[in-house]
Each structure stands twice: as C-alpha cells, then as structure tokens.
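# Secondary and tertiary structure notes
Residue-level listing of the chains:
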Amino acid sequence: MSDLPPSGSAEPVPPASPGAPVDPTRPTPPAPEPAPASGHAVDPTPPGSPTPAQAVRPAAPGDSVVPAQPGPSAAPGSPVTPGGFAAPGQSDTGGQPWGPYPVDPAGPPQGWTWPAGAAPLPGAAYPGHPLPGGTYPGHPMPGAGYPVPGQPYGWHPGLDPQDPLVTPPHAGIGAWFSRCGGALRRGWRQLLPIMLLTQTVPAAAIAVISLALAPTEQPVTGPDGAPVLPSGYFEHVFAFYGAVLLAALIFGPLQSTGWAAGTWVVARQAAGEPVGVGAALRYGLRRALGLWGWTIVASLLIAVGACFCLLPGLYAAFAFALFGPIYLFERQEPIGRAWRMFHQRFGMVLGRVALVICVLIAAAVLDGVLGLINQLVFGVDPMAAAGTAAGAVALAVAGAVLATPAYLAQLVGLVATYAEQRAQEGPVNAARLAAELG
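Treat the numbers as computed from the prediction; the structure is a model and nothing was measured. (Residues numbered from 1 in each chain as written. Predicted model: local features only at pLDDT ≥ 70, side-chain atom pairs only at ≥ 80, totals over all residues. Heavy atoms only, no water.)

Turning our eyes to something else, we now look at the overall build of the protein chain. Looking only at helices and strands, one finds 10 helices and two strands in the protein chain. Each helix and strand of the protein chain, ordered N terminal to C terminal, gives the series α-β-β-α-α-α-α-α-α-α-α-α. Within the protein chain, the proportion of its 438 residues that are buried is 30%. Of all intrachain contacts in the protein chain linking residues separated by at least 6 positions in sequence, the fraction that spans at least 24 positions is 60%. Here the protein chain displays about 26,400 Å² of accessible surface, and carbon together with sulfur accounts for 68% of that area. (Helix = DSSP H or I, 4+ residues; strand = E, 2+ residues; numbered from the N terminus. Buried < 20%, exposed > 50% of the residue type's maximum accessible area, 1.4 Å probe, protein only. Contact = heavy atoms within 4.5 Å. Areas by Shrake-Rupley, 256 points an atom, 1.4 Å probe, with all protein chains shown as cover.)

In structure tokens:
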C-alpha cells in the first residue's frame, strides 16, 4: 500500500514552515490598480516612505502655515507655500512627495477652462463683465443720459452750473432770468450807450419822419352818405410808408452794428475778458453787413407769413427769433438753424422768446400811448406850427428813449436763450462762446 493520502481528501495540509497563526479577521490588502490607459505611470512609492531626494529646511519667516488637516501630521520644519501646499519635492503630509501633483490639486488641471455657464473662481472677472471701476460695454459715459456726480440728470460732462451766461439743462426759467440779470448788471455801462446810439437814435429819427409825413387828410362823407377820400390820399399814404421803409433800410446797418456789439460785450464779460464801447463798436462794424442781410431775409419771411394771416407771421417771428445770435456765433445757415432749434425744443424756446416779445409789446404799447397823447395835445398836424412841432418832436424822442430798456432786454434775452440751447446740445461755456465770436 502507498503512504500517500487518497486523492480528493478534504483534510487540511499543515503549513510547510512554522509561523504565527493567520488572523481570520484581518482584512486583505487591496490589489494594486492597473496602469491607466493613457500611459501615465503610477507612483510605486508607498505612502509615508521617504525618498532620497526629500530635503527638509527650516521654515522661512515669510512662510505661511495652514491649520493641520486630517491625516498624518506634517513633519516638523516642512515648508508650506501660500495656499497650504508644500513646495515641489517637499512633503506636506508626513513626508509624502509632491511628485504626482505639479500644480494645485484643488484647482483645475493644466489646459482646462471653465465650461460655458459655469461660475469662475472667487475674485476672478466674469466673462463679458469689466473689472471694478471699469465701464460696462454698450453703456454711455456719464452725461449721455446718466447723471454725473454733483450734476442734475441729463447734463453733459464739462458743463459748469455756475457759468454766468450758459443756463444748464433742466435748471428752469429762474436760472435763465438769473443769467439775464447778471448780464445786465455786468454790462449796462457799456450796453446802454451802444443801444442809445444804434437803436434809440434810429427809432427817434423814424418817429420824427412819421410825424412829418403822416397823412393828415381824413375821409369825408359825400352827398349820398358814402365816405369820400380826399384828393391825393393814396399818394400821401404810399409816400409815408415808403419814407419809413427807406429810413429803416438806411438805419439797418447801424442797428445791426449795435446788436453785434452788444452780443460781443455780453459774451466777453461773462468770460471775464475786458470790454470797451469802442472795441465793441469796431467788432459790430465788421459783422454789420452780414447780420443786416440776414435781418432782411427774416423780415421778408415774417412779412409773407403775416400776409396770409396774423398767426403765421407771428409763428415765423418766434421760429426765426434766434437767427441773429446763430449768425454771430456760428456764421452759417442762421435761418434754417433757428427753425430747427425752435422745433427741437419747442416749449423751451417758445417760452423764452415769448418773454422777450412781451417786453417789446409793452414798449410798443407805451409808444402808442405817447403817440395818442401827442395827437391830443398838439393836434392831427403838429408840424404845421413851430411850437407844436417842437413839442411833438420832443415827445416822440422821449418815447424812443423810454423804449431803450426793451432793446436791452431783447439783446440779453436772445443771447441767453441761444446759450441755453447750445448747452442742451453739448458742453459749452461763456469762454467758448466768446472765442466763437472772433
């Protein structure tokens, strides 16, 4: 018989060599993971095993240390870089090498970008959004509808709310009155002699001509009760109006000289520049013919409108009221520019010009009252006698002098209105306006 055990025996085979008994409760170690398909090698160094290249240096004064994390404690003196990660080649968990992590393990891998719609890292700029202090794409700068610090809504950057001539946008009628009053206070010493010479003298001359050539014949009643015009009535009427129109044309360049000179004084004084009556008149003479020509054009348009009806003529007077300042400051297309400026800000320009025209209407009413008094005191034909003629002429001259404040108000009001409309279009100040006059 054979000493070998029978085949298929279930008896355990004793170990070949003596040793400690195997603990049945001890967990079996995990099998090593296979190498990844990408071909990257797996670090065979078991955790906790020191490497020959590992070197330990004392912590530098500038090194920052993060609180201890769960797991093995860091070796004493292990350097830690900002963010809590050890320097390359060092260990931050008890000697574990840094080899597998060439970059921040908590951050995205190299070559990786944030997917569309994902939030970026804290503190990073959002795609399409500016950094703090920058402007947002497509948004206008302050002044183009967005308020500027310290300025009302809608202001253009560069506007001075304290400018002595330019009324800022949305400042209201009170600020406009303030600019007009300031211009009169600064320049009345220069403006008054200019207006007396260029406006009052022509007005007095035209008034005297009207007294001398006014028709004195009155219609009479005929035998049949119908009114009968005296002989030569229409000849006298046409001679009267022709003489007045001719005098207006002759005095037109002088009056235009005064308007240009007064505008020069108002603008330069607001800019803080020196002015004088002589220098103002010299400037006015250089610009008189051009301004006179455009005055004739505007007057003809107003007359044509008045021929159709009183309302179109009045409308044209409002629409073309700013042609004078536009010509002096801009020197191009004053009629069309005045029309557009009037309709672009209809209510504002209409209100300012209406106030100016109200002053002129008041002066005209005063002149009419004085004319009525003249007729009642000195008769229908005051020029028939020397005594009545002298009194009538004196009263006519007094009426022209009393109308001088209306000329001042017209000049200052229109210049201030034009400056306000320029401020509605963009940044402008008194110094720029004075420079534009040349």
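Attention now moves to the nonpolar core. Buried together is how nonpolar side chains tend to be arranged in soluble globular proteins. Counting residues in each nonpolar core, the largest one holds 56 residues, and the members touching the most others are Leu165, Leu191, Val266, Leu328, Leu433 and Leu437. When residues in this core are grouped by element, the largest group, 11 residues, is from helix H9 (residues 404-425). Here Leu328 is in contact with Trp259, Ala260, Thr263, Tyr283, Arg287, Leu291, Glu436 and Leu437, once residues within four sequence places are set aside. (Core = buried A, V, L, I, M, F, W, Y, C linked by side-chain atoms within 4.5 Å.)

Put simply, helix H2 (residues 233-270) and helix H3 (residues 277-308) touch, their axes get as near as 6 Å, and they point 125° apart. By the angle between their directions, the pair H2 and H3 is classed as oblique. Seen along the crossing, H2 lies across H3 with a hand that is right-handed. Here H2 contributes Leu249, Gly252, Pro253, Ser256, Thr257, Trp259, Ala260, Ala261, Trp264 and Val265 to the contact with H3, which in turn contributes Ala279, Ala280, Leu281, Tyr283, Gly284, Leu285, Arg287, Ala288, Leu291, Trp292, Thr295 and Ile296. Here the contact of H2 with H3 is built from residues that sort into 16 nonpolar, five polar and one charged. (Axes fitted to C-alpha atoms, helices over the stretch in contact; angles between N-to-C directions. Parallel < 35°, antiparallel > 145°, perpendicular 65-115°, else oblique. Left-handed = near helix turned anticlockwise from the far one by under 90°. Nonpolar A, V, L, I, M, F, W, Y, C, P; charged D, E, K, R; others polar.)

Let us now look at the packing of aromatic side chains. Between two aromatic rings, the relevant description is the distance of the centres plus the angle of the planes. Enumeration over the complete set of coordinates arrives at eight aromatic pairs. An angle of 70° between the planes, with centres 6.1 Å apart, marks the rings of Tyr315 and Trp339 as edge-to-face. With a gap of 24 residues between them, Tyr315 in helix H4 (residues 310-319) and Trp339 in helix H6 (residues 334-344) connect regions that are remote in the sequence. An aromatic cluster of three or more residues is present, and its members are Tyr315, Phe320, Trp339, Phe342 and Phe346. (Phe/Tyr/Trp six-rings, centres within 6.5 Å; stacked < 30°, edge-to-face > 60°.)

Per the counting criterion, the structure on display carries nine salt bridges. The residue Arg268 makes a salt bridge to Glu273 at a minimum N-O spacing of 2.8 Å. Among the residues examined, Arg268 registers a relative accessible area of 18% and is labelled buried. For Glu273, a relative accessible area of 30% gives the class partly exposed. Because the salt bridges share partners, they merge into one network encompassing Glu330, Arg337, Arg345, Arg422, Glu425, Arg432 and Glu436. (Salt bridge = Lys/Arg side-chain N within 4 Å of Asp/Glu carboxyl O.)

It is worth spelling out H3 at this point. Taking the largest bend as the criterion, H3 deviates by roughly 50°, centred on Arg287. Buried within H3 are the following residues: Ala280, Tyr283, Gly284, Arg287, Ala288, Leu291, Ala298 and Gly305. The secondary structure elements touched by the buried residues of H3 are helix H1 (173-213), H2, H4, helix H5 (323-330), H6 and helix H10 (430-437). (Bend = angle between axes of the 7 residues up to and from the residue.)

A separate point is a nonpolar patch on the surface. Taken together, the side chains of Ile361, Val365, Val369, Leu372, Ile373, Leu376 and Val377 define a hydrophobic patch exposed on the protein surface, amounting to about 660 Å² of accessible area. Here Val365 lies in helix H7 (residues 346-378). (Patch = residues over 30% accessible without salt bridge, like charges linked within 9 Å, V, L, I, M, F, W, Y side chains within 5 Å.)

This part takes up unusual backbone geometry. One non-glycine residue with positive phi stands out, namely His170, at about 65°. Relative to the helices and strands, His170 is located in the segment before H1. Assessed through its relative accessible area of 60%, His170 is described here as exposed. The backbone phi angle of Arg331 is positive, close to 60°, even though this residue is not glycine. Along the chain, the position of Arg331 falls in the loop between H5 and H6. On the basis of relative accessibility, which here comes to 45%, the residue Arg331 falls in the partly exposed class.

So, about the environment of Ala338. The topology assignment puts Ala338 in helix H6. Note on Ala338: relative accessible area 2%, which makes it buried. For the pair Ala338 and Tyr418, spaced 80 residues apart in sequence, the C-alpha to C-alpha distance is 9.4 Å. Here Ala338 is in contact with Ala319, Phe320, Leu322, Phe323 and Ile326, once residues within four sequence places are set aside.

Note on placement: Glu425 falls in helix H9. By relative accessible area, Glu425 is classed as partly exposed at 35%. For Glu425 and Pro169, which are 256 residues apart along the polypeptide, the C-alpha to C-alpha distance reads 9.4 Å.

This part takes up the environment of Thr404. With respect to the helices and strands, the residue Thr404 is situated in helix H9. For the pair Thr404 and Val201, spaced 203 residues apart in the sequence, the C-alpha separation amounts to 10.0 Å. Among all residues touching Thr404, those that are not within four sequence positions of it are Leu192, Met195, Leu196 and Thr200.

Mapped onto the fold, Thr167 is located in the segment before H1. Beyond its immediate chain neighbours, meaning those up to four positions away, Thr167 contacts Gly172, Ala175, Trp176, Arg179, Glu420 and Ala423.

Take the confidence of the model for the protein chain next. With 64% of its residues at a pLDDT of at least 70, the protein chain reaches an overall mean of 75. Mean pLDDT across the elements of the protein chain bottoms out in strand E1 (residues 220-221) (74) and peaks in H5 (96). Every residue in residues 34-42 is under pLDDT 50, and counting partners more than four places away or in other chains gives two contacts. When the criterion is pLDDT under 50, residues 62-103 qualifies, and its contacts beyond four places in sequence or with other chains add up to 56 contacts. (pLDDT = per-residue confidence, 0-100.)

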